[in-house]
Amino acid sequence: MKFYSSEFSVQSRRRMEIIDVTDSVNEVIKRSGIKNGFANIWVPHTTAAIAVNEHDPDLWEDILATMDRLVPQKSSYRHNAKYSWTHGEQNAHAHILNCLIKPCVTLPIKDGQILMGLWQSILFIELDGPRLRTVQVYVVGE
Amino acid sequence: MKFYSSEFSVQSRRRMEIIDVTDSVNEVIKRSGIKNGFANIWVPHTTAAIAVNEHDPDLWEDILATMDRLVPQKSSYRHNAKYSWTHGEQNAHAHILNCLIKPCVTLPIKDGQILMGLWQSILFIELDGPRLRTVQVYVVGE
Amino acid sequence: MKFYSSEFSVQSRRRMEIIDVTDSVNEVIKRSGIKNGFANIWVPHTTAAIAVNEHDPDLWEDILATMDRLVPQKSSYRHNAKYSWTHGEQNAHAHILNCLIKPCVTLPIKDGQILMGLWQSILFIELDGPRLRTVQVYVVGE
């Protein structure tokens, strides 16, 4: 049983933004030398998330617009009121969306490849950018 | 450390539909011979999802009605506009719901059984049917 | 390859409530003696869920208020109508939110520690309390 962990950075440029990180994740899995097992993709943040969906920047705008409609950035949040003195903590919407979208996904690895479908990409979802973010990849297997 | 992967098909009959796949998943886990470890249930699609909840077809209608209310099939989506020439790609709602519900779940396996609660079933959620779909099961353990 | 499973109880006091279970999860992981691998946190219930976010009781109120706005406790649910004779089954909202938030999370363990970020805590989300609940922890690794 082998373990391999690595991480990479993602620089977001907008308040809410989707960034395809499939290539970076695949590089870590290749570097791990692990052929069969699981990879856990983990965002160590409470205001960003991970999803798996299509690489289509138009769709990404739809996803972000829907998230913003369901959990608006501006609303009467207690978290924001408590931290009303700091611009950086006006982000309850991002915390709430993280609880829905989740900061992680566990992927099956077979013969050195992620068992993903043709249209699936690993998407980093920035919910409170722009920020420099970290994505951790933890691979367990043989 | 052993690995076992298999898949099975699911034929959906409606645009949005919930289908209980617990028995099919249990069969794969039994066939794997793995007694302790994890099973990853993975839908290699971007417009279908996996949840774990009660086997109650009435509840399933409530779940689908709520999803449809939160992320309506008909709305002004960029993804749909871009592909306005094809009926098959009027499915931004399904992509967005997949980002929320997720295409996968990782289950603990102990003594050859999924450690699920009495009322928990594994539910395949079709968001853009009817289609013939695939559910992958990847088991790692001993 | 080692396996260790344990569980602990959580007593909720309100209909919807967030309870930080990070310390209890950490205790199980320490007790397991497993230094590298994965831990699966599993709620064997269909009306409670698990998230990973900040330990901020004000934020928790924002999260619960948003969930209640998106999927109201009182609405015309088939599940509730079918079980109209029992107060205990007026909980379709909780089932639906469980499908969105999920009853589980898989965490990476490295050098005996969960690879979580500084602001991340493991949050048990009660959606249909008050109830005595179980949280299962299943650790696989070496």
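Preceding this section is the structure that the text describes.
Since the model is a prediction, treat every value here as computed from it, not as a measurement.

Visitor: Just to check I follow, could you spell out unusual backbone geometry for this structure?
Guide: Most peptide bonds take the trans form, and the phi angle of most residues other than glycine is negative. The amide bond that connects Gly129(A) to the next residue, Pro130(A), takes the cis arrangement and shows omega of 0°. Examined against the element boundaries, Pro130(A) turns out to sit in the loop between strand S7 (121-126) and strand S8 (132-141). For Asp111(A), which is not a glycine, the phi torsion comes out positive at approximately 50°. Here Asp111(A) is to be found in the loop between strand S5 (104-110) and strand S6 (113-114). By relative accessible area, Asp111(A) is classed as exposed at 57%. Here Lys102(C), not a glycine, exhibits a phi torsion of approximately 85°, which is positive. For Lys102(C), the position within the fold is in the loop between helix H4 (92-101) and strand S5 (104-110).

Visitor: I keep staring at the relation of the copies chain A and chain B and nothing clicks. Help me out?
Guide: Put simply, the two copies of the chain differ by a rotation about an axis and a shift along that axis. Once chain A has been moved 0.0 Å along the axis and rotated by 120°, it coincides with chain B to within an RMSD of 0.0 Å. Such values leave the two copies arranged in the relation of a three-fold axis. Proximity to the rotation axis, assessed at the C-alpha, singles out Leu100(A) in chain A; its C-alpha lies 3.6 Å from the axis. Of the residues that chain A buries at the interface, just 19% are likewise interface residues in chain B, meaning the two copies contact each other through different surfaces.

Visitor: Mind showing me how you'd approach the interface of chain A and chain C here?
Guide: Frequently, the measure chosen for interface size is the accessible area that the parts lose on association. Counting residues at the interface gives 32 residues for chain A, matched by 36 residues for chain C. Roughly 2800 Å² is buried in total at the junction of chain A and chain C, and carbon and sulfur atoms are behind 62% of that figure. For the chain A face of the interface with chain C, the top three residues by lost area are Met1(A), Trp42(A) and Tyr138(A), together amounting to 21%. Our count for the chain A to chain C interface comes out at three salt bridges. For Asp58(C), the salt bridge is made with Arg78(A), and the minimal N-O distance between the two is 3.8 Å. Scanning the region where chain A abuts chain C turns up 21 residue pairs in polar contact (both at pLDDT 80 or more). Breaking the side of chain A that touches chain C down by element, the ones donating at least two residues are strand S1 (2-11), strand S3 (37-42), helix H3 (78-82), helix H4 (92-101), S5 and S8 of chain A.

Visitor: Help me understand the sheet that holds strand S5 (residues 104-110) of chain B, please; the structure alone is not making it clear to me.
Guide: What holds strands together in a sheet is hydrogen bonding between their backbones, with the strands either parallel or antiparallel. Residue and element names in this part refer to chain B. One open sheet accounts for five strands, arranged S1-S8-S3-S5-S6; its pairing is antiparallel. The open sheet is flanked by strand S1 (2-11) and strand S6 (113-114), the only strands paired with a single partner. In the sheet, strand S3 (residues 37-42) pairs with S5 via six bridges, with the strands oriented antiparallel. Across the sheet, Trp 42 pairs through a bridge with Cys 104, a residue of S5.

Visitor: What's the story with the pairing of strand S7 (residues 121-126) of chain B in this structure? I'm lost.
Guide: A regular strand carries its side chains on alternate faces of the sheet. All names here are of chain B. Of all six residues that make up S7, six are buried, and the element is covered over most of its length. Alternating positions in S7 separate into two faces, Ser 121, Leu 123 and Ile 125 on one and Ile 122, Phe 124 and Glu 126 on the other, with burial throughout. Pairing geometry for strand S4 (residues 48-53) and S7, over six bridges, is antiparallel. Pairing of Ile 50 across the sheet is with Phe 124, part of S7.

Visitor: So what exactly am I meant to see when it comes to the side chain of Thr66(C) here?
Guide: Residue position: Thr66(C) is located in helix H2 (residues 57-70). Look at Thr66(C) and you get buried, because its relative accessible area is 3%. Non-local contacts of Thr66(C), meaning those with residues more than four positions away in its chain, are made with Val71(A), Tyr77(A) and Ile96(A).

What counts, and where the lines are drawn
Throughout this description, residue numbers start from 1 for each chain and increase along the sequence as written. For this description, chains carry letters from A and ligands carry numbers from 1, given in the order in which they are written. Side-chain atom pairs in this predicted model are given and counted only at pLDDT of 80 or more, local residue features only at pLDDT of at least 70, and totals for whole chains, interfaces and linings cover all residues. Values shown for side chains rest on all heavy atoms present in the structure; no hydrogens or waters enter the calculation. Counting from the N terminus, the helices are DSSP H or I runs at least four residues long and the strands are E runs at least two residues long. Partly exposed residues are those whose accessible area sits between 20% and 50% of the maximum for their type, while under 20% is buried and over 50% is exposed, using a 1.4 Å probe and protein chains only. A residue counts toward the fit only if its pLDDT is at least 70 in both copies, and the copies are then superposed by least squares on the C-alpha atoms of those residues. A contact between two residues is defined here by any heavy atoms of the two lying within 4.5 Å. Buried area: the sum, over both parts, of the accessible surface (1.4 Å probe) that disappears when the two are put together. Just to be clear on terms, a salt bridge is a Lys or Arg side-chain nitrogen sitting within 4 Å of an Asp or Glu carboxyl oxygen. Nitrogen and oxygen atoms within 3.5 Å of one another constitute a polar contact, given that in protein one can donate a hydrogen and the other can accept it, and given that sequence-neighbouring residues count only through two side-chain atoms. The pairing criterion for strands is at least two bridges between them, as found by DSSP.

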